[in-house]
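Architecture at a glance
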Amino acid sequence: MQKLFFEKYKTSEVTNTRSVINTPSAFTRKNFFHIQEAGYLKSLKSHLSRRSELNSYLFFVVLSGSGEVTYREPLSEGGMISSTAHAGDCFFLDCSGEYTHISTDEDPWELLWIHFNGPEARAYYTYFRDHHNWHFRSAHFTELINAIESIIRYNEEPTDDTDLLTAQQIIHILTLICTESNEKK
């Protein structure tokens, strides 16, 4: 049986956050796409989040507001690349690299995100990066939002089918973003 922790934070001075953290079974980790964490964040004040060397992939969408995302791909010999984020933007990152994100003070952002992994996650990421930029806009923005919200819902109240339904939504997200018609910039 998997351990699942649901966290609902009260609004703090900095954020209003709702997230689920999932510790999948060994079988699920070996065979399916799975979330490690998924959630919603509304920044109330600007704050910096910095991560590196995580065995995870991050996909997030900006629902409203603006901020800045800085990223260095794993094994990259170049420096950090910064990108301004606005409502409607999407980001797909390999978290074994380094990244930071910060909301603006003037227009705090609202995000939906999933940290995920799975046996084919690296292959999907590699395919995506060969064809697209890590910061992009999607014609499927509403579908992507719905998929993340479904993942959160499935994992808030898990059933025997949660792992399969979660994997299905992650594959749906990856299919949508990998088949976008936009060329890599």
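Residues numbered from 1 in each chain as written. Predicted model: local features only at pLDDT ≥ 70, side-chain atom pairs only at ≥ 80, totals over all residues. Heavy atoms only, no water.

This part is about the overall build of the protein chain. Along the backbone of the protein chain there are 4 helices and 11 strands. Of all 185 residues assigned to the protein chain, the portion counted as buried reaches 45%. For the protein chain, long-range pairs separated by at least 24 residues make up 76% of all intrachain contacts whose partners lie at least 6 apart in sequence. In the structure as shown, the protein chain presents an accessible area of about 9,600 Å², 50% of it carried by carbon and sulfur atoms. (Helix = DSSP H or I, 4+ residues; strand = E, 2+ residues; numbered from the N terminus. Buried < 20%, exposed > 50% of the residue type's maximum accessible area, 1.4 Å probe, protein only. Contact = heavy atoms within 4.5 Å. Areas by Shrake-Rupley, 256 points an atom, 1.4 Å probe, with all protein chains shown as cover.)

Our next topic: the sheet that holds strand S9 (residues 98–103). Spatial strand order, S4-S9-S6-S7: 4 strands in an open sheet with antiparallel pairing. The open sheet terminates on both sides in strands that have one partner only, identified here as strand S4 (48–52) and strand S7 (81–86). Pairs of neighbouring strands in the sheet enclose a mean axial angle of 15 degrees, with direction left out of account. (Pairing = 2+ DSSP bridges. Axes fitted to C-alpha atoms, helices over the stretch in contact; angles between N-to-C directions.)

This part is about helix H2 (residues 121–131). Owing to its 3.6 residues per turn, the α-helix aligns residues three or four sequence positions apart on the same side. Turning to H2, its buried residues number three or more, namely Ala121, Tyr125, Phe128 and Arg129. For H2, the angular spread of the buried residues around the axis is 95 degrees, confining them to a single face. In this fold, the buried residues of H2 make contact with strand S5 (57–64), strand S6 (66–72), strand S8 (89–94), strand S10 (110–117), strand S11 (135–137) and helix H4 (162–178). (Arc of directions from axis to C-beta.)

If you look at the biggest cluster of nonpolar residues, it comprises 45 residues, and the most contacted ones within it are Phe59, Phe60, Phe92, Ile114 and Phe116. Those elements that provide at least two residues to this core are strand S3 (34–43), S5, S6, S8, S10, H2, helix H3 (141–156) and H4. Apart from the residues lying within four places of it in its own chain, the contact partners of Phe92 are Tyr57, Leu58, Phe59, Phe116, Tyr125, Phe128, Trp134, Phe136, Leu174 and Ile177. (Core = buried A, V, L, I, M, F, W, Y, C linked by side-chain atoms within 4.5 Å.)

In summary, the side chains of a regular strand alternate between the two faces of the sheet. With respect to burial, S8 is a largely interior element, 6 of its 6 residues being buried. When S5 meets S8, the two strands line up antiparallel, connected through 5 bridges. Each bridged residue has a counterpart across the sheet, and for Tyr57 the counterpart in S8 is Asp94. With 3 bridges connecting them, S8 and S11 associate as antiparallel partners. Counterpart to Asp89 in the pairing with S11 is Arg137.

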